[in-house]
Amino acid sequence: MRKNIVAGNWKMNMVNDQAKELALSVVENSDTVSCQLIIIPPFTAISDVQKVINKSNILLGAQNCSQHKSGAFTGEVSADMLTNIGCSHVIIGHSERRAIFGEDNQLLSEKVNHALNSNLIPIYCCGETLQEREAGNHFDVIKRQIEEGVFNLSEDLFGKIVIAYEPVWAIGTGKTASADQAQEIHKFIRSLVLEKYNETIANNISILYGGSVKPDNAKEIFAKPDVDGGLIGGAALKATDFIAIATSF
Ligand code: PEP
């Protein structure tokens, strides 16, 4: 059966001393957590955080990786570099990468393939803007993001990935999708997976919700049958909030 996961995306926050302190606080308070925790610091803090979470059950992720294996790509970080410093996961296609850095489904598909080839598990993000939802296009947008981003994968490789549904209008805005809205889209994504692959893969893939998840709304959202946890931004910067969310199943 699929895993419940709570992943904390620290974005471009936390210089290394702050990162180590936050990671330590998460480790020290994680005894009561039964889901899989993943900490996703900025690149610069990954190695220091790795040393802190080393002996715990917490996994480590990165926020992005290059679509290239190595070479003359100044400023880029490859998937191999990330596995080599202890990362098991990488976020691919976060809406901030799509909107601010112009990453499209084609590029993201290359990144997903590349990450998997380097034994990194992609957390592939999808989600509609407010304009797309208000125009009633959200199902189409998400279907396209999923089809073009990850449906070129073989059954074997697709079976390894995690999907995060993150409505853009709910990220960092304090505006959360209702638990019913989240469930509706998660169920839709799972039905796409069933249609494309098979029942086992559809039942086993973890689909996370992201968008202003906080300790006071996590329980209702995580109670929905197709929601398998969360990708947490702002609330992951405070260990007590992150842990409170992770104990909301
Ligand atoms: C995110 O960045 O993936 C996110 C969900 O952020 P927040 O929880 O702050 O909305």
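Scoring rules and cut-offs
Residues numbered from 1 in each chain as written. Predicted model: local features only at pLDDT ≥ 70, side-chain atom pairs only at ≥ 80, totals over all residues. Heavy atoms only, no water. Helix = DSSP H or I, 4+ residues; strand = E, 2+ residues; numbered from the N terminus. Buried < 20%, exposed > 50% of the residue type's maximum accessible area, 1.4 Å probe, protein only. Contact = heavy atoms within 4.5 Å. Phe/Tyr/Trp six-rings, centres within 6.5 Å; stacked < 30°, edge-to-face > 60°. Pairing = 2+ DSSP bridges.

(A) Representation of the environment of Leu 194 in the model. Its location among the elements puts Leu 194 in helix H9 (residues 179-196). Relative accessible area serves as the criterion here: at 42%, Leu 194 is assigned to the partly exposed category. Sequence spacing of Leu 194 and Val 27 is 167 residues, and the spatial spacing of their C-alpha atoms is 36 Å. Filtering out sequence-adjacent residues up to four positions away, Leu 194 remains in contact with Glu 199 and Ala 202.

(B) Up close: the packing of aromatic side chains. Under the definition given, this model contains six aromatic pairs. Linked through ring pairs, Phe 151, Phe 158 and Tyr 197 together constitute an aromatic cluster.

(C) Structural view of the pairing of strand E7 (residues 207-210). Neither face of E7 is exposed, since Ile 207 and Tyr 209 on one face and Leu 208 and Gly 210 on the opposite face are all buried. Across three bridges, strand E6 (residues 162-165) lies against E7 in parallel orientation. Counted as the bridge partner of Ala 164 is Leu 208 from E7. Summarising the sheet, E7 and strand E8 (residues 229-232) pair through two bridges and their orientation is parallel. Within the sheet, the bridge partner assigned to Tyr 209 lies in E8 and is Gly 230.

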